[in-house]
Amino acid sequence: MNRIIPRIFPRVSGTIHPQRRFKSTDLTPAEFDRRHLWHPYTSLTNPLPVFEVASANGCKIKLADGRTLVDGMSSWWCAVHGYGHPVLLEAMEKQMLQMPHIMFGGLTHAPAVSLGKTLLSLLPKDLECVFYADSGSVSVEVALKMAVQYQAALGNTDKTNIMTVKSGYHGDTWNAMSVCDPVNGMHSVFGSSLPSRVFLPPPKTAFDAAQLCEEDAQALEQAFEKYAKTCAAFIIEPVVQGAGGMTFYSPLYLNKLRELCSASNVLLIFDEIATGFGRTGKLFATEWCAPGVTPDIITIGKALTGGTMTLAATVATRDVATVVSDGEAGCFMHGPTFMGNPLACAVADASCKLLIQSGWQEKVARIEGQLKRELVAAKQFSNAVQDVRVLGAIGVVEMRHPVRMKDIQRQFVDLGVWVRPFGKLVYIMPPFIISEAELTQLTSAIVEVVSRLD
């Protein structure tokens, strides 16, 4: 920031109390990180290697050792505009100087209202009641609580469970974990301690299929016949199953699901945290469905703020909001401390507007075409590669066996790219602003690395 912030508080000494000094002050930053800082899905006793980042700009990550990497991950789907976009930085600076945070209980503010208006202009028209959450996982928790409270308000006290499909991923908090894949997902270690949900087989119908396969139709019909009376909602990632397997399936499945949910008074929840804001080639994956097929509740996050801050939202229909609000509790029973954070709302509003003005559809279509042309080369290494698939700005090379993260991560860095595989999946979802040359560097590195595994 170039502005001088007026100082209305006295300066506070930076001295640390002697008894509270770190015992590891003699460690280098890398040593301190390894000893004291947990990273996502990593052991603290035997951690995976980490690479210290000095800065990030555009589609480039600059490491502390001077190396530069082309980013293929968008910081886990978030940074659709790349890093350091001036429009987002300006929005953050302006709001930071005015009011970085204020409680949302009993108060409101312009960024929350403006973002709400922007979201309603982008989402399907029936979704109009916005609940701001801290993160994607929390937005899923909110959606599940909302569904259960909705049924309770209608007197459907038996409808407390949730239906979903295997191979799904919905987050790392407690109820979100309960609707992730129970066997092959990342949370199987928690086993029976999680709430027991109703799991259907994952959708089998191919994305571009002309009709829903009989196996999917029967699985849906049988599940609803057996469990609809005890289920408040059905939650699913539309079209793309993300961290549960990076698989693409037909929107015809969602059309059938909507029909069954409506007939059985089961709320339909679409988890668009990963797919929202253009990633699949539609602004929201919901738009792949037949006209008029929309969820009762949708969760959005990740790219919502353009990868600058954590923020998510759970958006419901007016019917859901009214029933919940008029129930016995007289309100929806959830309220995070940082709900509606003004700084996050301001940059999210700027990011959404920037996305719409940026020609995102043309950019995603260009990325999709290039991914299809360049990743197909990986298919020749059939001893190692199971499948190659692309949808929108998502490129996936599925291996026959899980990769060794420690080894493969270093190979990608040595080739000047940032790709973070997991399990059997080597995949990329680059920023939408990526150049043709940068994307070729990513795809070439993937083909090179998988060729070494053949």
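Bear in mind the structure is a predicted one, so any value in this text is a computation, not a measurement.

Engineer: So what about the overall build of the chain? Which residues, and what values?
Structural biologist: In terms of helices and strands, the chain carries 13 helices and 16 strands. Compactness check: the chain gives a C-alpha radius of gyration of 23 Å against a globular reference of 22 Å for 454 residues, within 12% of the reference. C-alpha extents for the chain along the principal axes are approximately 65 × 60 × 45 Å. Evaluated residue by residue, the chain yields a buried proportion of 50% over its 454 residues. Across the chain, the fraction of contacts at a sequence separation of at least 24, relative to all contacts at a separation of at least 6, is 71%. Just so you have it, the chain exposes about 21,800 Å², and 54% of that area is on carbon and sulfur atoms. Between the averaged position of the 41 positive side-chain charges in the chain and that of its 42 negative side-chain charges there is a distance of 6 Å.

Engineer: An account of the pattern of salt bridges is requested, with residue identities and associated values reported.
Structural biologist: Tallying each qualifying case throughout the model produces 14 salt bridges. Among the salt bridges present, the one from E128 reaches R318, with a minimum N-O distance of 3.1 Å. Pair noted here: E128 is in strand β4 (residues 127-133) and R318 is in helix α9 (residues 318-325), with a separation of 190 residues, a long-range link. Judged by its relative accessible area of 33%, E128 is partly exposed. Two residues, K353 and D349, come together in a salt bridge whose shortest N-O distance is 3.1 Å. Of this pair, K353 and D349 both sit in helix α10 (residues 342-357), four residues apart, roughly one helical turn. Salt bridges sharing common partners tie together D65, R67 and D414.

Engineer: Any chance you could break down the sheet that holds strand β16 (residues 425-428) for me, citing the residues and the numbers?
Structural biologist: Judged by pairing direction, the sheet is antiparallel, and its three strands sit side by side in the order β13-β14-β16 without closing on themselves. Taken across any chain shown, the strands that pair with only one partner, and hence form the sheet edges, are β13 (385-391) and β16. Across the sheet, the mean angle from the axis of one strand to that of its neighbour is 10°, orientation sign disregarded. Along the sheet, helix α11 (residues 360-375) makes contact with β13, β14 (394-399) and β16, crossing β13 at roughly 160°. Most of the contacts of helix α13 (residues 436-451) go to β16, to which it runs at about 170°, and overall it touches β13, β14 and β16.

Engineer: Account for the packing of helix α3 (residues 86-98) against α10, naming residues and giving values.
Structural biologist: Remark: α3 packs on α10, axes separated minimally by 9 Å, with the N-to-C direction vectors making an angle of 155°. In terms of axis orientation, α3 runs roughly antiparallel to α10. Seen along the crossing, α3 lies across α10 with a hand that is right-handed. Here V87, L88, A91, M92, Q95 and M96 of α3 come into contact with α10, specifically with P342, L343, A346, V347, A350, S351 and L354. Each residue belonging to the contact of α3 with α10 can be placed in one class, and the counts come to eleven nonpolar, two polar and no charged.

Engineer: Kindly report on the nonpolar core, identifying the contributing residues and their values.
Structural biologist: The biggest cluster of nonpolar side chains holds 120 residues, and the ones touching the most others in it are F224, F234 and V397. Top element by residues in this core is helix α5 (residues 136-153). It accounts for eight residues.

Reading guide: rules and limits
Residues numbered from 1 in each chain as written. Predicted model: local features only at pLDDT ≥ 70, side-chain atom pairs only at ≥ 80, totals over all residues. Heavy atoms only, no water. Helix = DSSP H or I, 4+ residues; strand = E, 2+ residues; numbered from the N terminus. Rg over C-alpha atoms; globule rule 2.2 N^0.38 Å. Buried < 20%, exposed > 50% of the residue type's maximum accessible area, 1.4 Å probe, protein only. Contact = heavy atoms within 4.5 Å. Areas by Shrake-Rupley, 256 points an atom, 1.4 Å probe, with all protein chains shown as cover. Lys, Arg positive; Asp, Glu negative; His and termini not counted. Charge placed at Lys NZ, Arg CZ, Asp CG, Glu CD. Salt bridge = Lys/Arg side-chain N within 4 Å of Asp/Glu carboxyl O. Pairing = 2+ DSSP bridges. Axes fitted to C-alpha atoms, helices over the stretch in contact; angles between N-to-C directions. Parallel < 35°, antiparallel > 145°, perpendicular 65-115°, else oblique. Left-handed = near helix turned anticlockwise from the far one by under 90°. Nonpolar A, V, L, I, M, F, W, Y, C, P; charged D, E, K, R; others polar. Core = buried A, V, L, I, M, F, W, Y, C linked by side-chain atoms within 4.5 Å.

Honestly, that's just the spatial picture; any functional story needs more than this.
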